[in-house]
Amino acid sequence: MACASFAKLNAASSQWIGGHQSFSQRPRLATRRVSLPAIRAGAYTDELIKTAKTIASPGRGILAIDESNATCGRRLSSIGLDNTEPNRQAYRQLLLTTPGLGEYISGAILFEETLYQSTTDSKKFVDVLCDQKIVPGIKVDKGLVPLPGSNNESWCQGLDGLSSRSAEYYQQGARFAKWRTVVSIPCGPSALAVKEAAWGLARYAAISQDNGLVPIVEPEILLDGDHPIERTLEVAEKVWAEVFYYLAENNVIFEGILLKPSMVTPGAEHKEKASPDTIAKYTLTMLRRRVPPAVPGIMFLSGGQSEVEATLNLNAMNQSPNPWHVSFSYARALQNTVLKTWQGRPENVEAAQKALLVRAKANSLAQLGKYSAEGESEEAKKGMFVKGYTY
Ligand code: 13P
């Protein structure tokens, strides 16, 4: 591929010069060979680029259902269910077997338990996804722990043994990975916490690519705080600058990654709310300043916004062309109405699956910049922000 583009570039430049001068008359500078920056060759390079492009395909985004057992338990207890493996399996089965899901969903992030699990009639969840042309993904981080020496901040564990775990996940059918670390604005953020978050993400990304998994790079900037939107912009720019610095230092292939940023909004406790247009303006400003166009896709997290808010904000970001695919990778903003509709009852499964399709389609339209909130339910407008949320 690099060779073909190289030939094109040379052909174009000789045409441009050739109009007026013969080959021998050309100034020395113009005859220099133009070499394109090489993409680090690895066993999986082509596949990584293809996987990332498939996930970042028009009108589609990611369904995130990678809640740890503890977080899934909180979801289940909100509708009166116990946190048992059969209940987690029933819930994931409801989501993943939704007919027609693949039209709007290109990837699904799973927790390890689900990657190795099957439906109640013994079909592997991975196969259920592949039949719908949905790429299976896996959460690989091991969660957050306090970061000593910081301002009550945290760091994300999971690098030890990551290479062998990733190779096994690939064998099991996963083709992309997710690592979520967090940055807290009210806690500073300290330079130490930002550096640690960025370095951890970069090491994880390099290890994932080495094992054939497209890394989703997610430094979540928490909604917590009463700061204005300008402060979020400042912190997001700092964080992403550092993340890209270390991604480059670790020779990560930018064409084979996906980003999962928080939208740039005021803190959840700020006195004024921002409109979707303002959020889109600040978020796109931050991304244009920090994210190279080689990155194929930006897949936002919802972070505690209501389902409708998350969709409206995404729609506002797609009102004019962007250098990257701008889409969604929501957990709460795709699952809230589904859970409330299901209530753990088999007779509600079909209605709950329809509710998931409604949200998936709404976000698909928002990815294309064609969504309108007309007719959305009151439930879908309820915010889901939880102070100090853990995933
Ligand atoms: P939310 O959309 O609920 O913020 O999910 C974040 C996440 O990282 C899920 O994979």
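Residues numbered from 1 in each chain as written. Predicted model: local features only at pLDDT ≥ 70, side-chain atom pairs only at ≥ 80, totals over all residues. Heavy atoms only, no water.

The next thing to look at is the overall build of the chain. Assigned secondary structure in the chain consists of 14 helices and 10 strands. Looking at the chain as a whole, 55% of its 391 residues are labelled buried. Considering only contacts in the chain between residues 6 or more positions apart, those separated by 24 or more positions represent 80%. Surface exposure of the chain reaches about 17500 Å², of which carbon and sulfur atoms provide 53%. (Helix = DSSP H or I, 4+ residues; strand = E, 2+ residues; numbered from the N terminus. Buried < 20%, exposed > 50% of the residue type's maximum accessible area, 1.4 Å probe, protein only. Contact = heavy atoms within 4.5 Å. Areas by Shrake-Rupley, 256 points an atom, 1.4 Å probe, with all protein chains shown as cover.)

It is worth spelling out the site of the ligand at this point. With respect to spatial proximity, 13 residues lie near the ligand, and among them Lys178, Glu218, Ser302, Gly303 and Arg332 are the closest. At 2.7 Å from an oxygen atom of the ligand is found a side-chain nitrogen or oxygen belonging to Lys178. Here Glu218 contributes a side-chain N or O atom positioned 2.7 Å from an oxygen atom of the ligand. The residue inventory of the shell around the ligand, partitioned by class, reads five nonpolar, two polar and six charged. (Near = heavy atom within 4 Å. Polar contact = N/O pair within 3.5 Å; in protein donor to acceptor, adjacent residues only side chain to side chain. Nonpolar A, V, L, I, M, F, W, Y, C, P; charged D, E, K, R; others polar.)

Right, let's talk about the sheet that holds strand β9 (residues 297-300) for a bit. Spatially, the eight strands close up into a barrel ordered β1-β2-β3-β6-β7-β8-β9-β10, and their pairing is parallel. Direction of pairing for strand β8 (residues 258-259) relative to β9: parallel, over a ladder of two bridges. Residue pairing across strands places Leu258 opposite Gly297, the latter belonging to β9. Along the sheet, helix α10 (residues 229-249) makes contact with β6 (176-183), β7 (214-221) and β8, crossing β7 at roughly 150°. (Pairing = 2+ DSSP bridges. Axes fitted to C-alpha atoms, helices over the stretch in contact; angles between N-to-C directions.)

Let's shift gears to the pairing of strand β10 (residues 325-330). With respect to burial, β10 is a largely interior element, six of its six residues being buried. A two-sided burial pattern is seen for β10, the buried positions comprising His325, Ser327 and Ser329 on one face and Val326, Phe328 and Tyr330 on the other. In the sheet, strand β1 (residues 61-65) pairs with β10 via two bridges, with the strands oriented parallel. When the sheet's bridge partners are listed, Leu63 is paired in β10 with Tyr330. Where β9 meets β10, four bridges bridge the pair, whose relative direction is parallel. Of the residues in β10, the one forming a bridge with Ile298 is Val326. A crossover connection joins β9 to the parallel β10 through helix α12 (residues 307-317); in handedness this β-α-β unit is right-handed. (Right-handed = clockwise from strand over helix to strand, strands pointing away.)

Should the charged atoms of two oppositely charged side chains come close, the side chains can pair. Inspection of every chain in the model, using the stated rule, returns 18 salt bridges. Taking the shortest distance from any N to any O, the salt bridge between Glu218 and Lys178 comes out at 3.7 Å. Taken together, the residues Glu218 in strand β7 and Lys178 in strand β6 connect sequence positions 40 residues apart. The pair formed by Glu218 and Lys178 is uniform in burial state, with each residue classed as buried. For Glu220, the salt bridge is made with Arg180, and the minimal N-O distance between the two is 2.6 Å. Taken together, the residues span a long stretch of sequence, with Glu220 in strand β7 and Arg180 in strand β6 at a distance of 40 residues. The class for Glu220 is buried, based on a relative accessible area of 5%. Several salt bridges share partner residues, and in doing so they unite Asp66, Lys178, Arg180, Glu218 and Glu220 into one network. (Salt bridge = Lys/Arg side-chain N within 4 Å of Asp/Glu carboxyl O.)

Let us now look at helix α3 (residues 45-55). Turning to α3, its buried residues are Thr45, Leu48, Ile49, Thr51, Ala52 and Ile55. Seen along its axis, α3 keeps its buried residues to an arc of 165°; they face one direction. Residues of α3 that are exposed and point more than 90 degrees away from the buried face comprise Asp46, Lys50 and Lys53. (Arc of directions from axis to C-beta.)

For Glu307, the location among the structural elements is in helix α12. One buried charged side chain, Glu307, makes no salt bridge at all; its nearest oppositely charged neighbour is Arg359, positioned 4.5 Å away. Reaching out from Glu307, the side chain makes a polar contact with the side chain of Thr337 at a distance of 2.4 Å. In contact with Glu307, other than residues within four places in its own chain, are Arg332, Ala333, Leu334, Gln335, Asn336, Thr337, Arg359, Glu379, Ala380, Lys382 and Met384. (Lys, Arg positive; Asp, Glu negative; His and termini not counted.)

Take the packing of helix α13 (residues 332-342) against helix α14 (residues 349-367) next. At their nearest, the axes of α13 and α14 sit 8 Å apart, and the two run at 160° to each other. Classified by the interaxial angle, the pair formed by α13 and α14 is roughly antiparallel. As α13 runs across α14, the sense of the crossing is right-handed. For the pair α13 and α14, the contacting residues are Ala333, Leu334, Thr337, Val338, Thr341 and Trp342 in the first and Val349, Ala351, Ala352, Ala355, Leu356, Arg359, Ala360 and Asn363 in the second. (Parallel < 35°, antiparallel > 145°, perpendicular 65-115°, else oblique. Left-handed = near helix turned anticlockwise from the far one by under 90°.)

What follows deals with the confidence of the model for the chain. Averaged over the chain, the pLDDT score is 91; the fraction of residues at 70 or greater is 89%. Within the model, pLDDT remains below 50 along residues 1-27, and this stretch shows 16 contacts once partners closer than five positions in the same chain are excluded. (pLDDT = per-residue confidence, 0-100.)

If you walk through the whole model with that rule in mind, you get eight aromatic pairs. Considering the side-chain rings of Trp199 and Tyr246, the 5.4 Å spacing of their centres and the 85° angle between planes classify their relative orientation as edge-to-face. Here Trp199 is found in helix α9 (residues 191-210), whereas its partner Tyr246 is found in helix α10, with 47 residues between them in sequence. Residues Trp240 and Phe244 carry aromatic rings whose centres are separated by 6.0 Å and whose planes lie at 35° to one another, so their mutual orientation is tilted. Pair noted here: Trp240 and Phe244 are both in helix α10, with a separation of four residues, about one helical turn. (Phe/Tyr/Trp six-rings, centres within 6.5 Å; stacked < 30°, edge-to-face > 60°.)

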